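What follows is the residue order along each chain.
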Amino acid sequence: MAVMAMFPLGTVLLPGVVLPLHVFEPRYQQLVRDCLDATEHEFGVVLIDRGSEVGGGDTRSDVGVVATMLQVAALQGGRFAVVTVGTRRFRVISWLPDDPYPRADVEEWPDGPADVSTERLEATAGRARRCAGLAVEMGDRSSVPEGELTGEPSADSFLLAAISPFGPVDQYAALCAPDPLARLDVIDRLLDDVEAGLRFRLG
């Protein structure tokens, strides 16, 4: 994949998930303009391990997802409202100097093969949806990504990571699983902790 413009965020983008962005920082305004001028209207999204989304000086994770721009609206002051969707996973080989926005040399990281049964996917999906519903009722999340299982293990496992009521660190753990079966194992283990927390809060 070679050199890619990067947009570090405090949230994790997962393949198949829609991510809206309000782009107001000048360096990322330039990133949007450059991506619009390029053949492929896309950039990489990685999780910020430490630091802030604004101003630089952050520490960034080394696994991310390509965001493809679906809609771009120019706003006053050079700002943009951008709607993106996560497409494919990558690993950062090396970070390059910010010029003016972050850039990195990356390689695509497709899921490894895995034999995942429909029953296993549906069982984890049921747990994820129950936990997400309870979390929303308790005021933890205002919105949960929607989607139906497709029968394609890679896409479905990423979807289940997205709809589960996880924080960024847990979603990143799911993103870094090497294949769909390993990802379901990670999700199930994390859901154990979520369910225990919800039971405690419910008394």
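Everything numeric here is computed off the predicted structure, so don't read it as measured data.

*Asks:* What is the right way to look at the pattern of salt bridges in this model?
*Replies:* Oppositely charged side chains may form a pair once their charged atoms are brought near each other. Tallying each qualifying case throughout the model produces 13 salt bridges. Between Asp98 and Arg27 there is a salt bridge, with the nearest N and O atoms lying 3.5 Å from each other. Placement of the pair is Asp98 in the loop between strand 5 (80–96) and strand 6 (103–108) and Arg27 in helix 1 (residues 26–37), with a sequence separation of 71 residues. Judged by relative accessible area, which is 35%, Asp98 ranks as partly exposed. The salt bridge involving Arg127 is made with Glu195; its shortest N-O contact spans 2.7 Å.

*Asks:* Would you explain helix 1 in this entry?
*Replies:* Residue pairs three or four apart in sequence face the same way in an α-helix, which turns once every 3.6 residues. Here helix 1 is 12 residues long and its end C-alpha atoms lie 17 Å apart, about the 16 Å a rise of 1.5 Å per residue gives. Taken residue by residue, helix 1 has Arg27, Tyr28, Gln29, Leu31, Val32 and Cys35 as its buried positions.

*Asks:* What's the story with the pairing of strand 1 (residues 2–9) in this structure? I'm lost.
*Replies:* Strand residues, when the strand is regular, have side chains that alternate between the two faces of the sheet. Of all eight residues that make up strand 1, six are buried, and the element is covered over most of its length. For strand 1 and strand 6, the ladder comprises four bridges, and the chain directions are antiparallel. For Met4, the partnering residue across the bridge sits in strand 6 and is Ala104.

*Asks:* Could you clarify how one ought to interpret the side chain of Asp179 in this entry?
*Replies:* For Asp179, the location among the structural elements is in the loop between helix 4 (168–175) and helix 5 (180–202). Once you skip the residues sitting within four places of it in the chain, Asp179 turns out to touch Asp111, Gly112, Pro113 and Ala114.

*Asks:* Just to check I follow, could you spell out the side chain of Asp188 for this structure?
*Replies:* Note that Asp188 resides in helix 5. Assessed through its relative accessible area of 15%, Asp188 is described here as buried. Within the structure, the side chain of Asp188 is placed 3.2 Å from the side chain of Arg127, a separation counted as a polar contact. Setting aside residues up to four positions removed in sequence, Asp188 forms contacts with Arg120, Thr124 and Arg127.

*Asks:* Would you take a moment to explain the packing of aromatic side chains for this structure?
*Replies:* Given two aromatic rings, their pairing is described by the distance between the two centres and the angle made by the two planes. Under the definition given, this model contains two aromatic pairs. Ring geometry for Phe7 against Tyr28: centres 4.2 Å apart, planes inclined by 10 degrees, an arrangement best described as stacked. Of this pair, Phe7 sits in strand 1 while Tyr28 sits in helix 1; the two residues are 21 residues apart in sequence, bridging distant segments of the chain. Each member of the pair, Phe7 as well as Tyr28, carries the same accessibility label: buried. Look at Phe7 and Phe43: their rings are 5.8 Å apart centre to centre, the planes differ by 40 degrees, and that puts the pair in the tilted class. Taken together, the positions of Phe7 in strand 1 and Phe43 in strand 3 (residues 42–50) put the pair 36 residues apart, joining distant regions of the chain.

*Asks:* So what exactly am I meant to see when it comes to the pairing of strand 2 (residues 18–23) here?
*Replies:* Along strand 2, the buried face is formed by Leu19, Leu21 and Val23; none of Val18, Pro20 and His22, which line the opposite face, is buried. Here six bridges tie strand 2 to strand 5, and the two strands are oriented antiparallel to one another. Bridge pairing in strand 5 links Leu21 to Val82.

Conventions adopted
Residues numbered from 1 in each chain as written. Predicted model: local features only at pLDDT ≥ 70, side-chain atom pairs only at ≥ 80, totals over all residues. Heavy atoms only, no water. Salt bridge = Lys/Arg side-chain N within 4 Å of Asp/Glu carboxyl O. Helix = DSSP H or I, 4+ residues; strand = E, 2+ residues; numbered from the N terminus. Buried < 20%, exposed > 50% of the residue type's maximum accessible area, 1.4 Å probe, protein only. Expected span 1.5 Å × (residues − 1). Pairing = 2+ DSSP bridges. Contact = heavy atoms within 4.5 Å. Polar contact = N/O pair within 3.5 Å; in protein donor to acceptor, adjacent residues only side chain to side chain. Phe/Tyr/Trp six-rings, centres within 6.5 Å; stacked < 30°, edge-to-face > 60°.

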